[in-house]
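# Observations on the model geometry
Okay, here's what each chain looks like letter by letter:
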Amino acid sequence: MSLEYRFICPLKNGIHARPANALELIATKYRSDVLLQNERNSRTANVKSVLSMISADFKLDDSCRLIVSGDDEQVAYDAVIVYLKDGFAESDEDLPQVEVEAGEVLIPPSLKLQAGDYYTGTVVVKGLAMAKAVVLNNLFTVSIPSACMSKEEELLRFKKAVDTLKCKIADRITNKANRTEGKILEAHLSIASDPELAVKVSELITGGLNAGNAIVKASEYFTDVLKNAESELIQQRIFDVQEVCACFVEEIYGTRQKKTVLTEPCICVSQNLTPSQFLSLDKNYIKGLVLAYGGSTSHTIILARSFGIPTIVGVEQAQTKIRGGQEVILDANLGVVILRQSEQVKRYYLFEQRKLNNRKNRYAGFTKAQALTADGRKIDVAANIVSSQEADIVFNNGAQGIGLFRTEMLYMQNDSVPSEDEQFVIYQKAAVAAAQRPVIIRTLDIGGDKHLTCLNLEKEANPFLGYRAVRIYPEFEKLITDQICAIVRASAFGNIKMLVPMVSSVEEIRWVKQKVLDIQKQMGKKNIAFNSKMPVGIMIEVPSTIFILDQLCDEADFFSIGTNDLAQYIFAVDRENKKIAKLADNLQPTFLRVLKTIVQQIHARGKWVGMCGEMAGQVETLPLLIGLGLDEISLASDNIPAVKAAIHSLSFEKCKEILESAIECTCADEVRNILTANQGTQSFSIIDRDLIITDSDSINKEEAIKEAADLLFATGRTEKPEFVEREVWNREAVYSTGLGYGFAVPHCKSAYARANSICLMKFRNGIRWNPNDEESVKILIMLVVRQEDAAGVHMQVFSKLARKIMYSDFRDFLLASDDAGVILKFLKESLEIK
């Protein structure tokens, strides 16, 4: 007599490897058979087999039937039911997603490609790479002998291979794997232990195959099963099964293939690439990946993304179309791999590389610079991170410290809580990378919109006002003790500060401080090194703290303003509710008054205050943040050089005036207008010296328009030069902008332009603008007007320019002068540009 239970699958991604593994861990504790039937497709899975469960293709809302039978069926049934009711629905956390470029690949007019010269794919990791191709071999390349020993001996060979591989994987998880790699290896360990896989191989051996061929056949069997799954997520587990089976073969017959050793920069091409294959390659030499298979959530793609390697997938038969040693271009911005490179193609990518270098060089001077306003006010620019691996990157990008290390991500990326030692290694690495620059580590901030399954917290009707962050610490004292121990130990290796989230009362910060003191005393007795003066700070995000700042300043060493939560609590607005989210606009004068009060009170008591919320990363709000007098802003590192450059262009005294004007406004739009008005005078002039090129090497119309659009990108006037280029060509399609006299004036209105801009380029050699033109173009003047400023400005400037070109003295002056400064002055005077 079996026990049965019916339920509806609540997982939006279906039962993929992670929830299947969770069920497997419960079921394998009992002797009873535990089956799960998918009533949609009538497939029945062995719950003790991950492969069996994911093969049954359970999807969201599928009707499921659990069947438990055996001598301990009641306890097994109860254990599984408890998990299905209380933990199963939470096991389907969103997997890491990679941005995927959808739709047709649009080849720019300046990139002239012939059919057969290139292949298209789907972009999964953006970037550009040019190098020789290295074609990687497939998995089963070892020659499996046809000879077969006795069935018993073949079964024993397979069993030994399974046991050996399981030990090796477990050893790698324990000793070498980082957290991402460890998670993938755990999936491999689960597959290597899978009873259904073992049964399939054993059946094939019993049927007459030797162990090697039985493994290959079993791999093909499960590959076919998984291919038919409707879930892309489950289909992508094919590579993991193939990888594990190939490892079995290797254990039996020795090294299955010569390991690929990369010796120079290359673009790796393969039908597919397993995570182990990827990890075995020297990432210093991998400049790009081209794969025939591999979805956006496959483990290999997740790893490629973590290493920042440009990757496209879906290039059918990539390994047969591309030869090893062939020079190829991987454009993982457009989604193409280019095999045959005409002179025009090579020139296009020279322009592309020059565009990227110019942009980098423009802000390079600010990477190592201090962030100072034009009148000498200092404000540190730090970075927000979620892992220690990012530390070197953000410091190389100009971060003056880590303003917010979000540690909850260490817990959320796995289903288990990281140990004290695991956390210590992570925090120590960040501290060492910082080289005495500050590293602000925020203690666990779980709750609200951030869930941690293993805590088994009750669902709340209003989680943002509920049991979260510092409020849970007393109940989960061991959890927070381990984290504080790790932070205190790491404090011996650098300038670490500890930040406590969601503090609303003095008692809460005192509880944490006492915990820190207790831990430091214990470590002192054990002669464990730590910084006894490690600062402990408070995150300002609960309105009640604003009214007790005088008392909190007696307790805390520093403060950091979290604008996201503070705004939603000040305005009583759920920031996840799109219908009312705008009510919590950071630019509301009310909020600016709150910020001013916070900074003034903290500074009046001699304490330090920074800001790490979204508002800190918005360049347009910089005048307000500087006017507040903040000591630090912390943001995503990519934007740090540009933010530093913007700070250098601002005056602290002027920013204080802007802030005072903003505070007197009655709504956010009025504040926005003030900022726009001031940005107009402080940022971009319609033309400046950097927009003038006196020796352009463009040789045709396509290159000329691309070079001008790239110039806007390099100078920070657009982030989408390809769209500006296309808009210019759309205008060009209506009528030619070649005006005669050796001049062309391409132009457009663009929603992708940050500033109205005029570019001037003089060509080394004249360009034939249209096929029938008798006179070549020697000077291009491109006009790009912001969409919102298009009423009048566009035509006014264009009309002036068109009239001026009719005069020979205007043309002759531009043709004769090669000094960008002289040309700039002349244009401003002639076009009456202030």
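Quick look at the structure, then. Values in this document were obtained by computation on a predicted structure and should not be read as measured data. Within each chain, residue numbers correspond to sequence positions counted from 1 in written order. For a predicted model such as this one, the threshold for reporting local features is a pLDDT of at least 70, and the threshold for listing and counting side-chain atom pairs is 80 or more; totals across whole chains, interfaces and linings nevertheless cover every residue. In computing side-chain properties, one takes all heavy atoms of the structure into account and sets aside hydrogens as well as water.

### Side note on the overall build of the protein
Put simply, the test is: Elements are defined by DSSP. Helices are runs of H or I of four residues or more, strands are runs of E of two residues or more, and each kind is numbered from the N terminus. For every residue, the accessible area (1.4 Å probe, protein chains only) is compared with the maximum for its type, and the residue is labelled buried under 20%, exposed over 50%, or partly exposed between those bounds. Only heavy atoms matter for contacts: two residues are in contact if any of them lie within 4.5 Å across the pair. Residue burial considers only the protein chains on display, and all accessible areas are found by Shrake-Rupley using a 1.4 Å probe.
In terms of regular secondary structure, the protein is built from 30 helices and 26 strands. Within the protein, the fraction of its 834 residues that count as buried is 54%. Within the protein, contacts between residues at least 6 apart in sequence are counted, and of these 71% link residues at least 24 apart. Counting only carbon and sulfur atoms, one obtains 50% of the accessible surface of the protein, whose full area is about 36,700 Å².

### Re empty space enclosed by the protein
In this approach the atoms are scanned with a rolling probe the size of a water molecule, which exposes any empty space left behind. So the rule is basically this: A cavity, in this analysis, means grid points on a 1 Å lattice covering only the protein atoms where a 1.4 Å probe fits yet has no way out; a pocket is instead an open set bounded by protein on both sides within 12 Å along at least five of seven lines, and a residue lines either one if it has an atom within 4 Å of a point. Grid points are joined across faces, edges and corners, and a volume is the space filled by probe spheres set on the points. For this classification, the nonpolar set comprises Ala, Val, Leu, Ile, Met, Phe, Trp, Tyr, Cys and Pro, the charged set comprises Asp, Glu, Lys and Arg, and every other residue, Gly included, is treated as polar.
In this structure the tally under the stated criterion is three cavities of 30 Å³ or more. In this structure, the largest cavity spans a volume of roughly 50 Å³. Its residues assigned to classes, the lining of the largest cavity comprises one nonpolar, three polar and three charged.

### Thoughts on the nonpolar core
The test is simple: Working definition of a nonpolar core: buried Ala, Val, Leu, Ile, Met, Phe, Trp, Tyr and Cys residues. They are joined through side-chain atoms within 4.5 Å.
Counting residues in hydrophobic clusters, the biggest one holds 103 residues, and the most contacted among them are Phe-559 and Ile-633. Discounting chain neighbours no more than four positions away, the residues touching Phe-559 are Ile-538, Ile-540, Leu-549, Leu-552, Cys-553, Ile-602, Lys-607, Trp-608, Val-609 and Gly-610. Formed by 57 residues, the second largest nonpolar core is a distinct cluster that contains Cys-9, Leu-23, Tyr-77 and Tyr-253.

### Some words on helix H16 (residues 420-434)
For clarity, the cut-off: Helices are assigned an expected span. That span is 1.5 Å times one less than the residue count.
Its 15 residues give H16 an end-to-end C-alpha distance of 21 Å, which sits within 8% of 21 Å, the value for a rise of 1.5 Å per residue. Taken residue by residue, H16 has Gln-423, Phe-424, Ile-426, Tyr-427, Ala-430, Ala-431, Ala-433 and Ala-434 as its buried positions. Looking one or two residues beyond H16, the residue adopting positive phi is Ala-435, at roughly 50°.

### Topic: unusual backbone geometry
Even without being glycine, Ala-435 reaches a positive phi, approximately 50°. The phi dihedral of Ala-572 falls on the positive side, at around 55°, and the residue is not glycine. As for its placement among the helices and strands, Ala-572 is situated in the loop between helix H20 (563-570) and helix H21 (589-604).

### Notes on the side chain of His-747
Put simply, the rule reads: Polar contact is the term for a pair of N or O atoms within 3.5 Å; when the atoms are in protein, one must be able to donate a hydrogen and the other to accept it, and sequence-neighboring residues count only if both atoms are side-chain atoms.
For His-747, the location among the structural elements is in strand E24 (residues 747-750). Side-chain polar atoms of His-747 contact the backbone oxygen of Val-745, separated by 2.9 Å.

### Quick notes on helix H17 (residues 477-490)
With 14 residues, H17 ought to run about 20 Å at 1.5 Å a step, and its terminal C-alpha atoms sit 20 Å apart, in line with that. Counting buried positions over the 14 residues of H17 gives 12, a clear majority of the element. For H17, the full list of buried residues reads Leu-479, Ile-480, Thr-481, Asp-482, Gln-483, Ile-484, Cys-485, Ala-486, Ile-487, Val-488, Arg-489 and Ala-490.

### Here we look at the sheet that holds strand E1 (residues 3-8)
Where we set the bar: At least two bridges found by DSSP between two strands are what make those strands a pair. Angles run from 0 to 180 degrees between N-to-C directions of axes, and those axes are lines fitted to C-alpha atoms, restricted for helices to the stretch in contact.
With respect to topology, four strands assemble into an open sheet ordered E1-E4-E2-E3, the strand pairing being antiparallel. The outermost strands of the open sheet, each flanked by one partner alone, are E1 and strand E3 (43-46). The mean inter-strand angle of the sheet, taken between neighbouring strand axes irrespective of direction, is 20°. Direction of pairing for strand E2 (residues 33-38) relative to strand E4 (residues 63-69): antiparallel, over a ladder of six bridges. Counted as the bridge partner of Leu-36 is Leu-66 from E4. Running over the sheet, helix H3 (residues 73-86) touches E1, E2 and E4 and is turned about 10° from E1.

### Some thoughts on the packing of aromatic side chains
The line we're drawing: Whether two aromatic rings pair depends on their centres lying within 6.5 Å, for rings of Phe, Tyr and Trp, where Trp uses its six-membered ring; planes under 30 degrees apart make the pair stacked, over 60 edge-to-face, and the rest tilted.
Evaluation of the coordinates by the stated rule reveals 13 aromatic pairs. Ring geometry for Phe-7 against Phe-88: centres 6.2 Å apart, planes inclined by 90°, an arrangement best described as edge-to-face. With Phe-7 in strand E1 and Phe-88 in the loop between H3 and strand E5 (118-120), the pair connects residues that are 81 residues apart, well separated along the chain. With a relative accessible area of 12%, Phe-7 lands in the buried category. Arranged with centres 4.7 Å apart and planes meeting at 25°, the rings of Phe-723 and Tyr-752 form a pair that is stacked. Placement of the pair is Phe-723 in helix H27 (residues 721-734) and Tyr-752 in the loop between E24 and strand E25 (757-767), with a sequence separation of 29 residues.

### Looking at the state of the cysteines
Counted only if it meets this: By disulfide we mean two sulfur atoms from cysteines, separated by a distance within 2.5 Å.
Per the stated rule, a full pass over the model turns up zero disulfides. In this model Cys-667 remains outside any disulfide bridge; the closest cysteine sulfur is found in Cys-665, 7.1 Å from its own.

### Description of the pairing of E3
In this sheet, E3 lies alongside E2 in antiparallel orientation, the contact comprising four bridges. By the bridge assignment for E3, Leu-36 is matched with Ala-45. As consecutive antiparallel partners, E2 and E3 are separated by four residues, and within that stretch Ser-42 has a phi angle of approximately 65°, a positive value.

### Describing the sheet that holds strand E20 (residues 632-635)
Pairing in this closed barrel of eight strands is parallel, and the strands run E13-E14-E15-E16-E17-E18-E19-E20 around the ring. Taken pair by pair, the neighbouring strands of this sheet meet at an average axis angle of 30°, ignoring direction. Here four bridges tie strand E15 (residues 439-442) to strand E16 (residues 496-500), and the two strands are oriented parallel to one another. Along E16, the bridge assignment pairs Ile-440 with Lys-497.

### Re the environment of Val-573
Following the sequence through the fold, Val-573 ends up in the loop between H20 and H21. Val-573 gets classed as buried once you look at its relative accessible area, which sits at 5%. With 11 residues separating them in the primary sequence, Val-573 and Ala-584 have C-alpha atoms 6.3 Å apart. Dropping the residues within four chain positions of it, Val-573 is found in contact with Gln-568, Ile-580, Ala-581, Leu-583 and Ala-584.

### A few points about a nonpolar patch on the surface
To be explicit about the condition: Nonpolar side chains (Val, Leu, Ile, Met, Phe, Trp, Tyr) within 5 Å and like charges within 9 Å form the patches, drawn only from residues with over 30% relative accessible area and no salt bridge. Here, a salt bridge means any side-chain nitrogen of Lys or Arg that lies within 4 Å of a carboxyl oxygen of Asp or Glu.
A contiguous nonpolar patch, built from Tyr-741, Met-806 and Tyr-807 and spanning about 360 Å² of accessible area, is present on the exposed surface. Positionally, Tyr-741 belongs in the loop between strand E22 (738-740) and strand E23 (743-744). Classification of Tyr-741 as partly exposed rests on a relative accessible area of 37%.

### As for the packing of helix H29 (residues 808-816) against helix H30 (residues 820-830)
Two packed helices can be described by the angle between their axes and the distance between those axes. Heads up, the rule is: Any angle that is under 35 degrees is reported as roughly parallel, and any over 145 degrees as roughly antiparallel; angles of 65 to 115 degrees are reported as roughly perpendicular and all others as oblique. Crossing handedness is read from the near helix: turned anticlockwise from the far helix by less than a right angle, it gives a left-handed crossing, and turned clockwise, a right-handed one.
Here H29 crosses H30 at 160°, and the two axes come no closer than 10 Å. Taken together, the axes of H29 and H30 lie roughly antiparallel to each other. Between H29 and H30 the crossing geometry is left-handed. Residues Phe-810, Phe-813 and Leu-814 of H29 form the contact with H30, whose own contacting residues are Val-822, Ile-823, Phe-826, Leu-827 and Ser-830. Classifying every residue of the contact of H29 with H30 by side-chain character gives seven nonpolar, one polar and no charged.

### Considering the packing of H20 against H21
Between H20 and H21, the shortest axis-to-axis distance is 11 Å and the interhelical angle comes to 120°. On the basis of their axis angle, the class for H20 and H21 is oblique. As H20 runs across H21, the sense of the crossing is right-handed. Along the contact surface, H20 presents Thr-563, Leu-566, Ala-567 and Ile-570, while H21 presents Phe-591, Val-594, Leu-595 and Ile-598. Across the contact of H20 with H21, the residue classes break down as seven nonpolar, one polar and no charged.

### Re the pattern of salt bridges
A complete count under the given rule lists 38 salt bridges for this structure. Between Arg-362 and Asp-690 there is a salt bridge, with the nearest N and O atoms lying 2.7 Å from each other. In this pair, Arg-362 sits in helix H13 (residues 343-367) while Asp-690 sits in the loop between helix H25 (668-682) and strand E21 (692-696), placing the two residues 328 residues apart along the sequence. In this structure Arg-362 comes out as partly exposed when scored by relative accessible area, which is 33%. A relative accessible area of 40% means that Asp-690 is categorised as partly exposed. In this structure, Lys-656 and Glu-653 form a salt bridge, with 3.4 Å as the shortest nitrogen-oxygen distance. Placement of the pair is Lys-656 and Glu-653 together in helix H24 (residues 652-663), with a separation of three residues, close to one helical turn.

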